[in-house]
Amino acid sequence: MILIIDDDIAVRVSLQLLLNSNKYDVTVAEGPEMALRVISQDKPDLIILDLNFTIETSGEEGLFLLSKIRQINPTVPVILITGWGSIELAVSGMKAGANDFINKPWNNEHLLQSVKTLLDLQEYTSESHTRKELDKIYHFQHIIGEDARMLNILDTIGRVAATDASVLIMGESGTGKELIAEAVHQNSVRRNKPFIKVNLGGISTSLFESEMFGHVRGAFTDARFDRTGRFETAHKGTIFLDEIGDLDAGSQVKLLRVLQDRTYEVLGSSRTKTVDVRIVCATNKDLNEMVSRNSFREDLLYRINLITIHLPALRERPKDISLLVNFFINNLKEIYNRPSLTVSPTAMKWLQQLPLPGNIRQLKNLVERSILVSKKDILETDDFRSQLELSPAKMGSVQFPGVGMITLEEMEIEMIKRAMDHHKNKIARAAASLGLTRSALYRRLEKYQIPYDEAED
Ligand SMILES: Nc1ncnc2c1ncn2[C@@H]1O[C@H](COP(=O)(O)OP(=O)(O)OP(=O)(O)O)[C@@H](O)[C@H]1O
């Protein structure tokens with residue numbers, strides 16, 4: 001049963017009709033007292049709460065009621081209804097534990113989609129599965145990983161793929177965000193419809209609208225032909241918004257509007273179009289931190305993060321390194337027609353100790369380059385080491401201090417401290433990442449009196 005809480009009879013009736021005609025049982029409550037009674041006695045499956053439910057109270061009473069609801073039932077999904085002018089109220093409501101918010105006047109399709117998504121999500125309870133079990137239920141063919149955190153992630157995306165919940169994938173560059181986004185689509189009912197990837201980092205502010213919503217001929221000086229926007233191409237399928245943290249403030253508002261109402265206008269045309277898409281976003285930026293710096297809109301964050309996946313860096317799951325290396329080798333064996341290719345156990349151990357700031361992408365490139373350069377069937381540490389030294393990822397993000405700012409010795413001390421810190425004082429790993437032997441690292445730790453624990457070796 002769905003409980004609608006609103007003091008406006010017109011809202012109650014129209015929501016009730018809409019939900020009834022879509023086969024949902026509905027109970028209505030016009031005030032807090034009745035609402036709390038229904039929640040305690042009848043345990044609704046979902047609640048729709050109008051935050052501005054008494055005109056004089058500017059939403060305070062609604063927020064208070066929400067906190068009461070959460071005390072009685074911490075898990076029942078709550079959808080808030082707010083006016084466009086009170087987006088801050090919606091954000092406060094999300095912080096207080098609501099699951100979604102809809103603006104008035106609402107779009108029926110969007111409201112029904114939100115109701116269905118939240119009810120579907122409630123049905124799934126998490127339990128741990130082995131990789132074998134997951135592969136029996138879902139399609140994750142190209143995703144390698146057996147680390148417990150990866151299994152958890154695969155389990156989550158398998159379960160939520162069937163719903164229309166928005167998914168936000170966070171993780172460093174090269175950790176497999178795009179692969180996970182594709183898996184969400186492939187495991188959903190939308191799998192036979194388009195999967196459209198848009199790299200938001202690569203779209204300039206001036207082109208954002210025309211790229212995303214399309215334009216008609218003559219909409220602006222260079223618009224010589226009609227152009228179909230990405231949302232229209234993705235209709236009925238999934239849109240993957242990559243690098244969402246790179247979107248400027250103006251484009252954030254435009255994106256928010258379409259995610260909010262599922263409607264947009266093609267540039268140069270006054271017709272409003274409706275779109276039905278699943279939203280999956282990815283970023284390697286910390287969006288929460290960006291919200292606190294006011295460089296990312298909080299209401300937009302709440303629109304995209306119903307489900308958030310944090311992909312671990314490869315160095316946090318070193319056991320997956322050997323699985324990945326074998327997977328890449330097996331693929332490349334066929335491509336390069338070298339059936340006996342393999343990696344020596346020592347080389348495999350060495351690879352597992354690498355910090356790999358470029359994550360899986362860097363490992364994949366490293367394996368491919370090493371195979372191309374070495375003509376041997378059994379690849380040894382040196383085959384990989386020589387290629388790693390040429391790897392752009394190794395130097396990519398390094399910023400050196402200006403000449404005269406720091407001595408070579410100070411730089412060496414700093415790098416050793418960082419490596420020790422990064423590898424949690426594990427001497428062997430820190431040494432490998434610095435390109436030193438263990439005894440060479442010990443000598444330097446002694447020389448510079450950097451504290452270490454031999455038991456950690
Ligand atoms: N779990 C995995 N198993 C096998 N291959 C993987 C896995 N994760 C990533 N890869 C491969 O690593 C490369 C990088 O992955 P992907 O592009 O998905 O990363 P990303 O996190 O989206 O990177 P970026 O942030 O730079 O866009 C791809 O070639 C992908 O096929």
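Naming follows an unreviewed UniProt entry, where the chain appears as Response regulator of Chitinophaga oryziterrae.

(A) The arrangement of the pattern of salt bridges in detail. Counting across every chain of the model gives 29 salt bridges. The shortest N-O distance in the salt bridge between Lys197 and Glu178 comes to 2.9 Å. Residue Lys197 is located in strand β7 (residues 195-199), and its partner Glu178 is located in helix α8 (residues 177-186); the two are separated by 19 residues in the primary sequence. Among the residues examined, Lys197 registers a relative accessible area of 32% and is labelled partly exposed. Classification of Glu178 as partly exposed rests on a relative accessible area of 32%. Asp320 is paired through a salt bridge with Arg317; the nearest N and O atoms lie 3.0 Å apart.

(B) Broad picture of the site of the ligand. Close contacts around the ligand come from 17 residues, with Ile144, Ser173, Lys177, Arg361 and Lys364 the closest. Ile144 places a main-chain nitrogen or oxygen 2.9 Å from a nitrogen atom of the ligand. A distance of 2.6 Å separates an oxygen atom of the ligand from a polar side-chain atom of Lys177. For the ligand, the protein covers 86% of the area, taking 630 Å² as the surface of the free molecule. Of the residues belonging to the shell around the ligand, the class tally is six nonpolar, five polar and six charged. Summarising the domain contributions, the shell around the ligand has at least three residues from each of domain 2 (138-310) and domain 3 (314-396).

(C) Main features of helix α4 (residues 87-95). When α4 is considered as a whole, its buried residues turn out to be Ile87, Leu89, Ala90, Val91, Gly93 and Met94. A positive backbone phi angle near 110 degrees is found at Gly97, which sits one or two residues after α4.

(D) Inspection of the sheet that holds strand β3 (residues 46-50) at higher detail. Taken in spatial order, the five strands of this open sheet run β2-β1-β3-β4-β5, and their pairing is parallel. At either margin of the open sheet sits one strand with a lone partner, and together these are β2 (26-29) and β5 (100-104). Across the sheet, the axes of successive neighbouring strands diverge by a mean angle of 20 degrees, strand direction being ignored. Packing against the sheet, helix α1 (residues 9-21) makes contact with β1 (2-5), β2, β3 and β4 (78-83), and its axis sits at approximately 170 degrees to β2. Across the sheet, helix α3 (residues 60-72) lies against β1, β3 and β4, angled at about 165 degrees from β3, the strand it touches most.

(E) Looking closely at unusual backbone geometry. Cis peptide bonds are those with omega within 30 degrees of zero, and the linkage from Lys104 to Pro105 qualifies with -5 degrees. By the secondary structure assignment, Pro105 is in the loop between β5 and α5 (108-123). Of note in the backbone geometry, Arg262 takes a positive phi value of approximately 60 degrees without being a glycine. Along the chain, the position of Arg262 falls in the loop between α11 (249-261) and β11 (263-265). Positive phi values are uncommon outside glycine, yet Asn359 reaches one of about 55 degrees. With respect to the helices, strands and loops of the structure, Asn359 is situated in helix α16 (residues 359-373). Residue class for Asn359 comes out buried when judged on its relative accessible area of 0%.

Here is what the cut-offs are and how they apply
- Residues numbered from 1 in each chain as written.
- Predicted model: local features only at pLDDT ≥ 70, side-chain atom pairs only at ≥ 80, totals over all residues.
- Heavy atoms only, no water.
- Salt bridge = Lys/Arg side-chain N within 4 Å of Asp/Glu carboxyl O.
- Helix = DSSP H or I, 4+ residues; strand = E, 2+ residues; numbered from the N terminus.
- Buried < 20%, exposed > 50% of the residue type's maximum accessible area, 1.4 Å probe, protein only.
- Near = heavy atom within 4 Å.
- Polar contact = N/O pair within 3.5 Å; in protein donor to acceptor, adjacent residues only side chain to side chain.
- Areas by Shrake-Rupley, 256 points an atom, 1.4 Å probe, with all protein chains shown as cover.
- Nonpolar A, V, L, I, M, F, W, Y, C, P; charged D, E, K, R; others polar.
- Domains from an automatic or database assignment.
- Pairing = 2+ DSSP bridges.
- Axes fitted to C-alpha atoms, helices over the stretch in contact; angles between N-to-C directions.
- Contact = heavy atoms within 4.5 Å.

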